[in-house]
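Commentary on secondary and tertiary structure
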Amino acid sequence: MGASLLDAVLAETLDPAYAQAAAARAATGAAPRPRRRARVLVALTMAVAGLLVAVTYDQAAASAQGRAQVRAALIEDIRSDSRVTDELAVQLESLRTQVAGTRDQLLAASAVGQRALDDLAQAERGAAAVPVTGPGLLVTLANADPGADDDPVGGRTTEEDPRGRVRDGDLQLVVNALWAAGAEAVSINGQRLGPATAIRFAGEAVLVDFRPVTNPYEVSAVGDPDTLSTQFLASPEVGALAVISESFGLRFDFARKKELSLPAASIPELRSAQPQGREPTTPGAATTPGASPDAGTAPDREPGG
Amino acid sequence: MIPILGLAAGVLLGLFFDPTVPLWLQPYLPIAVVAALDAVFGGFRARLDGIFDAKVFVISFVSNVVVAALIVFLGDQLGVGAQLSTAVVVVLGIRIFGNAAAIRRHVFRA
């Protein structure tokens, strides 16, 4: 065997047994006419080949179909579950309004109650529990565009540069700078930031208040637009972030807005409550969750960052 | 003509009766099909070359299918099943290509 293995593979595409058989036939002078049994055998073999092809095709098609079915079922599950979540959120919202209305009604009846109501309103503003509308600043942060030099054949095989992504730290920096610049209320992609809202990174997604927000990130801050923008731009961290985003292709810009609408933040769970001895508690006010017991402690918490 | 009828009959049988393949055999079906295609193309070319032999064809078909499946089975046991499948597909693919080119030269004289 003089030739290399690859040469042999490339040159000998036909089974050498055919040539040998032909040579043997020529040597013995046997009749080249095919016998009947041989013909049947060949036909049977061809039938087996066809059967193999058909069965394999069936298998492949069936498994592809099965995958598509499972995927469709999962998508349907996700849709129906998020519908249920939406319905529950609407229900929660209406129940909350109802509770707040009843509470206000009960408290407004007495002078003590009225004072408690005023305290409560102030606390709710501080805790970002009420929606806010007003002029302000809209800061936009976005990931760098994926490189144009992506391999068109292999899809996105090249790793996306992690430095071209907006991280939780960038958003924290922007939000802190906005608070420092005198923002009264801040939200990221419609998620209002309360006093205890965390901005974190989990895997590939930025979580605000444990709910994922996606690229591009729009940070809205309500406050005096002029003061906000000058103070915001004066902050050295923002200057550094601007330079960084410039060099890694991140989008980072801001605009003054006349009208920004920020929703209420999700109300944190009531973890501890103290009965207040000085108030002659009416049963209705005392048992309303999140109402008067919370009002005494809530003002202590200041909007942080 | 009869072999082509046999092939068509096999395809129709497979599509209509939809036989269930045992689960343990399923991973070896695609490779067996490639091996069978190689044997069929080889037989067709031998026919055109005028050296077709029924015995050689049947034996090469059966041994091709069995050996290809065995190689992949062995590879699976040794943990290199995917790589060995690739090797088998490459070798058989080259042979199918070469035989198809020879058939083309016979049929179109080019």
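Residues numbered from 1 in each chain as written. Chains lettered and ligands numbered in written order. Predicted model: local features only at pLDDT ≥ 70, side-chain atom pairs only at ≥ 80, totals over all residues.

Section: the sheet that holds strand β4 (residues 199–202) of chain A
Residue and element names in this part refer to chain A. The criterion, for reference: For two strands to be treated as a pair, DSSP must find at least two bridges joining them. A helix here means a DSSP run of H or I that spans at least four residues, while a strand means a run of E at least two residues long, and both kinds are numbered starting from the N terminus. To obtain an axis, a line is fitted to C-alpha atoms, over the contacting stretch when the element is a helix, and the angle between two such axes runs from 0 to 180 degrees between their N-to-C directions. A residue pair is marked as a contact if its C-beta atoms, positioned from the backbone, fall within 7 Å.
Pairing is antiparallel across the open sheet formed by three strands, whose spatial order is β4-β5-β6. Taken across any chain shown, the strands that pair with only one partner, and hence form the sheet edges, are β4 and β6 (211–213). Going across the sheet, the axis of each strand differs from the next one's by a mean of 45°, ignoring polarity. Inspection of the sheet shows β4 paired to strand β5 (residues 205–208) by four bridges, in the antiparallel sense. Bridging across to β5, F201 finds its partner in V206. Lying on the sheet, helix α5 (residues 168–180) is in contact with β4 and β5; it crosses β4 at an angle near 170°.

Looking at the pairing of β5(A)
Residue and element names in this part refer to chain A. Spelled out, the test is: Three exposure classes are used, all based on how many other C-beta atoms lie within 10 Å of a residue's own C-beta (placed from the backbone): buried at 20 or more, exposed at 12 or fewer, and partly exposed between those limits.
On β5, burial follows the alternation: V206 and V208 on one face are buried, whereas A205 and L207 on the facing-out side are not. Both β5 and β6 contribute to a ladder of three bridges, which runs antiparallel. Bridge pairing in β6 places L207 opposite P212. Between the end of β5 and the start of β6, which pair antiparallel, lie two residues, with D209 showing a positive phi angle near 55°.

Structural notes on the environment of A:A177
Residues and elements named next belong to chain A. Structurally, A177 is set in helix α5. C-alpha of A177 to C-alpha of Q231: the two residues are 54 residues apart in sequence and 8.3 Å apart in space. Residues within four places of A177 in sequence aside, it is in contact with F232, S235, E237 and V238.

Brief notes about the environment of A:E259
All names here are of chain A. Mapping E259 onto the fold places it in strand β8 (residues 251–262). Residue classification places E259 among the exposed residues on the basis of 9 C-beta atoms within 10 Å. Residues E259 and L137, spaced 122 residues apart in sequence, show a C-alpha to C-alpha distance of 9.4 Å. Other than its neighbours up to four places away in sequence, E259 contacts T133 and P135.

Observations concerning unusual backbone geometry
Backbone phi values are negative for most residues with the exception of glycine, while trans is the configuration of most peptide bonds. All names here are of chain A. The amide bond that connects N215 to the next residue, P216, takes the cis arrangement and shows omega of -5°. Tracing the sequence through the fold places P216 in the loop between β6 and β7 (217–222). Phi is positive for N189, which is not a glycine, with a value near 45°. Mapped onto the secondary structure, N189 falls in the loop between β2 (185–188) and β3 (191–192).

Things to note about the sheet that holds β8(A)
Residue and element names in this part refer to chain A. On the basis of which strands lie adjacent, the open sheet formed by five strands has the order β3-β2-β7-β1-β8 and antiparallel pairing. Lying at the two open borders of the sheet, with one neighbouring strand each, are β3 and β8. By the bridge criterion, four bridges tie β2 to β7 in an arrangement that is antiparallel. Within β7, the position partnered with S187 by the bridge is S220. Running over the sheet, α5 touches β1 (132–142), β2 and β7 and is turned about 15° from β7.

Topic: the interface of chain B and chain A
Note the threshold: The residue classification treats Ala, Val, Leu, Ile, Met, Phe, Trp, Tyr, Cys and Pro as nonpolar and Asp, Glu, Lys and Arg as charged. All others, Gly included, are polar.
Facing the 40 residues of chain B at the interface are 31 residues of chain A. Among the residues forming the side of chain B that touches chain A, the class breakdown is 28 nonpolar, eight polar and four charged.

Side note on the confidence of the model for chain A
Spelled out, the test is: What pLDDT expresses is the predictor's confidence in each residue, scored from 0 to 100.
Summarising the model, chain A shows a mean pLDDT of 79, and 82% of its residues fall at 70 or more. Contacts from residues 283–305 of chain A, a stretch scored under 50 in pLDDT, to residues over four places away or in other chains number 42 contacts.

Remarks on the nonpolar core
Operational definition: Nonpolar cores are identified as sets of buried Ala, Val, Leu, Ile, Met, Phe, Trp, Tyr and Cys residues joined via C-beta atoms within 7 Å.
Counting residues in hydrophobic clusters, the biggest one holds 36 residues, and the most contacted among them are A:A49, A:L52, B:I31, B:A32, B:A35, B:A36 and B:A68. Where this core is concerned, the elements lending two or more residues are α3 (36–107) of chain A together with α1 (2–17), α2 (29–49), α3 (54–78) and α4 (81–108) of chain B. Considering every element that reaches this core, the biggest residue donor is α3(A), with eleven residues. Ranked by size, the runner-up nonpolar core spans 33 residues in total, among them A:A128, A:L178, A:V186 and A:V219.

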